[in-house]
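# Summary of the model geometry
This is what each chain is made of:
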Amino acid sequence: MRILVTGGAGFLGSHLCDRLIRDGHEVVCLDNFFTGRKQNIAHLLGVPGFELVRHDVIDPFKFEVDQIYNLACPASPPHYQYNPIKTIKTSVMGAINCLGLAKRVKARIMQASTSEVYGDPQVHPQPETYWGNVNPIGKRSCYDEGKRCAETLFFDYHRENRVDIRVIRIFNTYGPRMHEADGRVVSNFIVQALRGEDITIYGDGSQTRSFCFVDDLIEGFIRIMAQSETVGPVNLGNPGEFTMMQLAELTLKLVGGKSKIVHKALPSDDPKQRRPDITIARKVLQWEPKVPLEEGLKRTIEYFRGVV
Ligand code: NAD
Ligand code: UDP
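These notes cover the structure that comes with them. (Residues numbered from 1 in each chain as written. Chains lettered and ligands numbered in written order. Predicted model: local features only at pLDDT ≥ 70, side-chain atom pairs only at ≥ 80, totals over all residues. Heavy atoms only, no water.)

### Observations concerning the site of ligand 2
Within the structure, ligand 2 sits among 18 residues, and Asn188, Thr200, Arg209, Asp270 and Arg274 are positioned closest to it. Within the side chain of glutamate 116, an N or O atom sits 3.3 Å from an oxygen atom of ligand 2. Contact between ligand 2 and asparagine 188: an oxygen atom at 2.8 Å from a side-chain N or O atom of the residue. Bound to the protein, ligand 2 loses 95% of the 510 Å² it would expose on its own. Secondary-structure elements contributing two or more residues to the shell around ligand 2 are α6 (185–195) and β8 (199–202). The class makeup of the residues in the shell around ligand 2 is seven nonpolar, five polar and six charged. (Near = heavy atom within 4 Å. Polar contact = N/O pair within 3.5 Å; in protein donor to acceptor, adjacent residues only side chain to side chain. Areas by Shrake-Rupley, 256 points an atom, 1.4 Å probe, with all protein chains shown as cover. Helix = DSSP H or I, 4+ residues; strand = E, 2+ residues; numbered from the N terminus. Nonpolar A, V, L, I, M, F, W, Y, C, P; charged D, E, K, R; others polar.)

### Some details on unusual backbone geometry
Note the cis peptide between histidine 124 and proline 125, where omega equals -10 degrees. A cis amide bond links glycine 232 to the next residue, proline 233, at an omega of 0 degrees. Relative to the helices and strands, proline 233 is located in the loop between α7 (214–226) and β11 (234–236). The backbone of phenylalanine 33 shows a phi angle near 60 degrees, a positive value even though the residue is not glycine. Assignment of secondary structure puts phenylalanine 33 in the loop between β2 (26–31) and α2 (38–41). Of the residues examined, phenylalanine 33 reaches a relative accessible area of 17% and is grouped as buried. The backbone phi angle of arginine 162 is positive, close to 55 degrees, even though this residue is not glycine. (Buried < 20%, exposed > 50% of the residue type's maximum accessible area, 1.4 Å probe, protein only.)

Any link to function would need more than the numbers given here.
Printed below as a string of structure tokens:
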């Protein structure tokens, strides 16, 4: 197949491009390089079947493709809050442009949605049926509400125009090729520990997240696109749940070194707890994560040793 990956030069997008090329597909990787980097896909340049296009998803585009994965959107809080209006335009106009293309060329299309649609959840763990607890006017809203609106657009194009959609809600995913200055917790802690700097825990460190290794997540992408039983939304994430204090201690143990743990102010609207209910992914996709946190962290630390 010929497959369009928007945000293909980013962390997740570049791993997806690798997988699709390995599976024998042609890939069009579209990216504006806001948070993505050419070096993430440098090894694919020159590979037959791989094409890189510098373009912004808020401007219309046309490609003859069989499938579309829409990943374009900054994902870390500092990056998506840097220009919040641009973030919401990317989610909403990017979705409209991708869906318009999918409608014209009759391509199956997947939206990379997020656990952030559940906001600061009052139901735990979060099933897909939970509508969420999102602040519509806070600092995270440009991302959360942008992604919620994109889901709405996907389901409206599906109902109104029979576009062949798939929607996944991704829970915190980590691994090689995260940007060292990305600001997300796993990359921050590893880079801080490797540099011997203080490990910055925001708040008291009792808030929880569930961390999925990138290879597991990409397998979930492929599986949802390969089946026709559900259009989603389907949660994809690792149900193991850790406090940020536990993550800091585990990272320190694995990296070694002399970093101290320090506490900084908790950002506004920071969700207190998060864990996916993956019953649907297990049943419909026969998918569940295989890589435990400690092993995934070791592989990510190895990557960052070569970078920082
Ligand atoms: P990332 O920041 O590494 O990748 C995003 C990519 O999109 C980058 O290459 C960036 O340059 C590109 N991009 C941003 N705005 C664009 C625009 N207007 N036009 C074209 N390209 C644009 O982040 P990631 O972790 O790889 O996330 C990929 C997708 O997965 C995002 O949509 C994100 O919301 C979603 N997601 C990721 C996670 C996670 O834990 N990694 C969790 C939930 C959802
Ligand atoms: N966090 C932290 N120290 C950091 C970066 C993040 O304690 O250096 C916390 C953050 O406040 C949040 C959790 O780690 O509670 C996950 O943050 P991240 O930005 O990775 O993802 P998200 O909040 O979007 O789940």
